[in-house]
Amino acid sequence: GDHQYSSGHQNTGSETIVRESNRFSALSNFSSAQLLVMATQKPTHAFGWLFSALRGKHVFGPEDNFQLFWNTLIMCCVIYEMMILPFRLCFSGGPYGYFTVLMGIDYVSDVIFAMDSRLRYTSFSYLEGDTVVSDVAKIREHYLSRRHLAADICSVVPIEVLSLAIPMPPLSNVQVFSLFRFLRVLRLRHFNEQVRCTDFLFNRATENKSKNTLKVFKLISLIVFCAHWIGSAWFLIAFLEQEFGME
């Protein structure tokens, strides 16, 4: 039969839930693969689940499947931005058609980031020591007190449109566009939480049998990430030296 796609708690005022208690929702009983199949077979339920969360109808715990999968999605968007921004800034981003496709992906990511800010403000509980705080008023106060809201808003403001009116030779319009989009780096403020969720899903799927594999993968990913940024920076320096006639 159909499964209820409601992975949180109804907002009923002040509520503090101890971490060692039972799972936050019935959906936690399903494996990650089963949940993906369910969401694929019933996409309207999945979207209804998301819209309910955006409206602040439920509060989701740190181990609820909704928050786990959502943070994993956000991490993928952040990694995309962190890899594509230095590439386009330093290598001009390719022909115009290629750039247009990337612009579409950029603004899809921005919409997802905006929804993420809403969810963190109203629907995502947080850990305070070994206790999960799920009171909506405290969630909002916690989110605002850490200045997450200001940073998250700055990270989605489309100031890159100024690249159409502000030429910065010798950089091309594509490079200037990418330069202005570097505010997306502010999304890294939540990266630790996103990694925690991804680790939790991976360990649950592998029954904690591949922790070393995960550690090696994360180390290799970090090396590739650093090499990408350093290589892009050196290419940009060489490009600027050539343009300005520096030896």
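Our subject is the structure listed above.
The shown structure was predicted, so the numbers you read here are calculated from the model rather than taken from an experiment.

Visitor: Describe the overall build of the protein, listing the residues and the values that go with them.
Guide: Each helix and strand counted, the protein has 9 helices and 5 strands in total. Each helix and strand of the protein, placed in order from N terminus to C terminus, yields the pattern β-β-α-α-β-α-α-β-β-α-α-α-α-α. For the protein, buried positions account for 40% of its 247 residues. Counting contacts in the protein only where the partners sit at least 6 residues apart, residues at least 24 apart contribute 76% of the total. With the model as given, the accessible surface of the protein reaches about 13,700 Å², and the carbon-plus-sulfur share is 65%.

Visitor: Describe helix H3 (residues 65–91), naming the residues involved and giving the relevant values.
Guide: When the terminal C-alpha atoms of H3 are compared, their 39 Å separation across 27 residues agrees well with the 39 Å that a helix rising 1.5 Å per residue should span. Among the 27 residues that make up H3, 19 are buried, leaving the element largely enclosed by the rest of the structure. Positive backbone phi, approximately 75 degrees, marks Ser-92, located one or two places after H3.

Visitor: Kindly report on the packing of aromatic side chains, identifying the contributing residues and their values.
Guide: Per the counting criterion, the structure on display carries 8 aromatic pairs. A ring pair is formed by Phe-66 and Trp-70, whose centres lie 6.3 Å apart and whose planes are at 5 degrees; its orientation type is stacked. Here Phe-66 and its partner Trp-70 are both found in helix H3, 4 residues apart, which amounts to about one turn of the helix. Residue Phe-66 is classed as buried on the basis of its relative accessible area of 6%.

Visitor: How would you explain the environment of Pro-62 if you had to name every residue and give the values?
Guide: Here Pro-62 lies in the loop between strand S3 (58–59) and H3. A sequence separation of 70 residues divides Pro-62 from Val-132, and the C-alpha atoms of the two residues are 7.7 Å apart.

Visitor: Tell me what's going on with the side chain of Ser-155, and back it up with residues and numbers.
Guide: Along the chain, Ser-155 turns up in the loop between helix H6 (148–154) and helix H7 (173–180). For Ser-155, the side chain forms a polar contact with the main-chain oxygen of Asp-152, separated by 2.6 Å. Contacts of Ser-155, omitting those with residues within four sequence positions, involve Leu-183, Arg-184, Leu-186 and Arg-187.

Visitor: Give a description of the environment of Leu-240 that names residues and reports values.
Guide: Assignment of secondary structure puts Leu-240 in helix H9 (residues 211–243). A C-alpha to C-alpha distance of 8.7 Å links Leu-240 and Leu-171, two positions 69 residues apart in sequence. Once you skip the residues sitting within four places of it in the chain, Leu-240 turns out to touch Pro-170 and Leu-171.

Visitor: Break down H7 for me, citing the residues and quoting the values.
Guide: Think of an α-helix as 3.6 residues a turn; residues three or four steps apart then line up on the same face. With 6 of 8 residues buried, H7 is to be regarded as a mostly interior element. Taken together, the buried positions of H7 are Val-174, Gln-175, Val-176, Phe-177, Ser-178 and Phe-180.

Visitor: Can you break down the nonpolar core residue by residue, with the values?
Guide: With 16 residues, the main nonpolar core has Leu-50, Phe-66, Trp-70 and Leu-119 as its most contacted residues. Among the secondary structure elements, those contributing two or more residues to this core are helix H2 (43–54), H3 and helix H4 (96–122). Top element by residues in this core is H3. It accounts for 7 residues. Discounting residues that sit within four places of it in the chain, Trp-70 has contacts with Leu-50, Ile-112, Met-115, Asp-116, Leu-119 and Phe-124. One finds Leu-89, Leu-171, Phe-180 and Leu-236 within the second-largest nonpolar core, a separate group that totals 7 residues.

Visitor: I'd like a rundown of the packing of H3 against H7, residues and numbers included.
Guide: Contact pair H3 / H7: the axes reach a minimum separation of 7 Å and the direction vectors enclose 145 degrees. Considering only the axes of H3 and H7, their crossing is left-handed. Note on element contacts: H7 touches H3 through Val-174, Gln-175, Phe-177, Ser-178 and Leu-179, opposite Leu-85, Arg-88, Leu-89 and Cys-90. When its residues are assigned to classes, the contact of H3 with H7 shows 6 nonpolar, 2 polar and 1 charged.

Visitor: So, the pattern of salt bridges: which residues are in play, and what are the values?
Guide: Opposite charge on two side chains permits them to pair, given that their charged atoms come into close proximity. Per the stated rule, a full pass over the model turns up 13 salt bridges. As a salt-bridge pair, Asp-110 and Arg-181 come within 3.1 Å of each other at their nearest N and O atoms. You can see Asp-110 sitting in helix H4 and its partner Arg-181 sitting in the loop between H7 and helix H8 (191–205), a full 71 residues away along the chain. For the pair Asp-110 and Arg-181, a shared accessibility class is recorded, and that class is buried. For Arg-181, the salt bridge identified is with Glu-160, shortest N-O distance 3.0 Å. With a gap of 21 residues between them, Arg-181 in the loop between H7 and H8 and Glu-160 in the loop between H6 and H7 connect regions that are remote in the sequence. For Arg-181, a relative accessible area of 0% corresponds to the buried category. Each of Glu-81, Arg-88, Asp-106, Asp-110, Glu-160, Arg-181 and Arg-184 takes part in one network of salt bridges that share partners.

The rules behind each value
- Residues numbered from 1 in each chain as written.
- Predicted model: local features only at pLDDT ≥ 70, side-chain atom pairs only at ≥ 80, totals over all residues.
- Heavy atoms only, no water.
- Helix = DSSP H or I, 4+ residues; strand = E, 2+ residues; numbered from the N terminus.
- Buried < 20%, exposed > 50% of the residue type's maximum accessible area, 1.4 Å probe, protein only.
- Contact = heavy atoms within 4.5 Å.
- Areas by Shrake-Rupley, 256 points an atom, 1.4 Å probe, with all protein chains shown as cover.
- Expected span 1.5 Å × (residues − 1).
- Phe/Tyr/Trp six-rings, centres within 6.5 Å; stacked < 30°, edge-to-face > 60°.
- Polar contact = N/O pair within 3.5 Å; in protein donor to acceptor, adjacent residues only side chain to side chain.
- Core = buried A, V, L, I, M, F, W, Y, C linked by side-chain atoms within 4.5 Å.
- Axes fitted to C-alpha atoms, helices over the stretch in contact; angles between N-to-C directions.
- Left-handed = near helix turned anticlockwise from the far one by under 90°.
- Nonpolar A, V, L, I, M, F, W, Y, C, P; charged D, E, K, R; others polar.
- Salt bridge = Lys/Arg side-chain N within 4 Å of Asp/Glu carboxyl O.

Any functional reading would require information that these geometric values do not contain.
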